[in-house]
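Working through the structure, step by step
Given next are the chains, with one letter for each unit.
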Amino acid sequence: VQFSSAQDTQLQPLGSLSGHGPKVTTCSISSDGRWLASGGHDRKILIWSIPERALKYTIDAASSEGHSGLITSVRFTADDRLILGTASYDTTVRIWDLTLLTGSITSAGETESEKTVMIAPGSLKPLQILKGHSAAVKAVDFCAGAGNNHCVSFDAEGELRVWDFISGQCERSFRITTKQMYSSSSMRCHPQNPSFVVVSVGTTLYTVQINDLQSQPRAIHTTHSKNIVALDWAPQGQFLVCVWDTTQQGTPTSGTTGSTTAMATTWRVFASQQTQRVSSCAFVKSIPGNSTSTSTSTTSTSTSSSSSSSAMTATGVVYGEYEKISVWNLKTARGYMGGRGPIAELQAHPGGAVSALACSPSVVDGEHVLVLASASSYRDGVLKLWKISG
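Bear in mind that the values here come from a model prediction, so they are computed numbers and not experimental data. (Residues numbered from 1 in each chain as written. Predicted model: local features only at pLDDT ≥ 70, side-chain atom pairs only at ≥ 80, totals over all residues. Heavy atoms only, no water.)

**Quick notes on the overall build of the protein**
Summing up its helical and strand segments, the protein has two helices and 30 strands in all. Split into buried and exposed, the 390 residues of the protein put 57% on the buried side. Considering only contacts within the protein whose residues lie at least 6 apart along the sequence, 58% involve residues at least 24 apart. In the form shown here, the protein has an accessible surface area of approximately 15,100 Å², with 47% of it arising from carbon and sulfur atoms. (Helix = DSSP H or I, 4+ residues; strand = E, 2+ residues; numbered from the N terminus. Buried < 20%, exposed > 50% of the residue type's maximum accessible area, 1.4 Å probe, protein only. Contact = heavy atoms within 4.5 Å. Areas by Shrake-Rupley, 256 points an atom, 1.4 Å probe, with all protein chains shown as cover.)

**Some remarks on unusual backbone geometry**
Across residues other than glycine, the phi torsion is negative in most instances, and most of the peptide bonds are trans. Although it is not a glycine, R43 sits at a positive phi angle of roughly 70 degrees. Within the secondary structure, R43 is located in the loop between β3 (35–40) and β4 (45–49). Although it is not a glycine, R53 sits at a positive phi angle of roughly 50 degrees. Residue position: R53 is located in the loop between β4 and β5 (54–59). By relative accessible area, which is 25% here, R53 ends up partly exposed.

**Side note on the packing of aromatic side chains**
The tally for this structure, following the rule as stated, stands at two aromatic pairs. Taking the centre distance of 5.3 Å and the plane angle of 85 degrees together, the rings of F142 and F165 count as edge-to-face. Here F142, found in strand β12 (residues 137–142), pairs with F165, found in the loop between β14 (159–164) and β15 (169–175); they are 23 residues apart in sequence, far enough to count as distant. Residue classification places F142 among the buried positions, given a relative accessible area of 7%. Judged by its relative accessible area of 0%, F165 is buried. (Phe/Tyr/Trp six-rings, centres within 6.5 Å; stacked < 30°, edge-to-face > 60°.)

**Overview of the UniProt feature "repeat: WD" (unreviewed entry) in the protein**
UniProt records the feature "repeat: WD" (unreviewed entry) for residues 17–58, 64–98 and 130–173 in the present numbering. The span residues 64–98 shows a helical share of 3% and a strand share of 49%, and its end C-alpha atoms are spaced 12 Å apart. (UniProt positions renumbered as here; feature names shortened; annotations may be inferred.)

The structure is reproduced here in structure tokens:
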């Protein structure tokens, strides 16, 4: 498997998004590249328009039956439904249908612009409130497949729950670990196989076949020496990137991709990169044939959601550290440009760690671009949008 060609990759700022209180912990981009959701310690979920680079709606406990605890995870479905899942320290998962925010698309010559509808505070209510966890919910994600009505959640006591998010019923649960978890953990559903889930607990990855009631979680012991704090799948599911919170001198890996065959029956380290401290990661995802990262105006206002799930490919990895973001083109196992290391955007978030990253093709100012959203653990609560070029 070969990633993008070895050429300079740069992050160009598209805008800063202010609206959160201190410490944004999570963010996610919708499948069409139009919407960004974010959450953090202020217990609010903010919905942003990426083309407009503007806040469109605030979900909070007072007006929208939002969470009463800090937000740990936000995730959009991968299909064309604008459905968002959110998880919180309040032990619940909430499902939101955001289609009220969708506006009209109007043409202006060869360039089209998207307009969104401003709706009154309190107009959005949860589609479902999923209750049953007895501890803080660490992560939520949706099972693959167009129209699939199942999501998965994972809590601080090691319980993994599988839900029908339309009926609100928990259909099955798995005990991943019996130890109370005080450190960060992550959980992601496979992007192609709706029954395959991977969870991180400490330095160990666990894989679960959630549709097999006789299946037991399988432990994969990694070479990480500190807790794994973030995971992301390549769009086709053949690679998994995971990062851990601290590296020591001489330690072989800080971001590791595991190559999977037959739904992770075989795992091996494909490539690694050593840094000082890593807090977030995401695959750089693009659609072959789209003129992303160019200055050519286009006539399409959004990435097709049907193609985004099936035709999207990984062209590299981005990871966040203290204050900076690095873009890593995995041309060879040695890393970027024969081992020179990733291109870093220094001072991306001054004063704080880059706590979350999300990447998607989008259209901004009539241009197909690869958009990266980054969140900061600093007290200013700012998110930033970047164009990945090169």
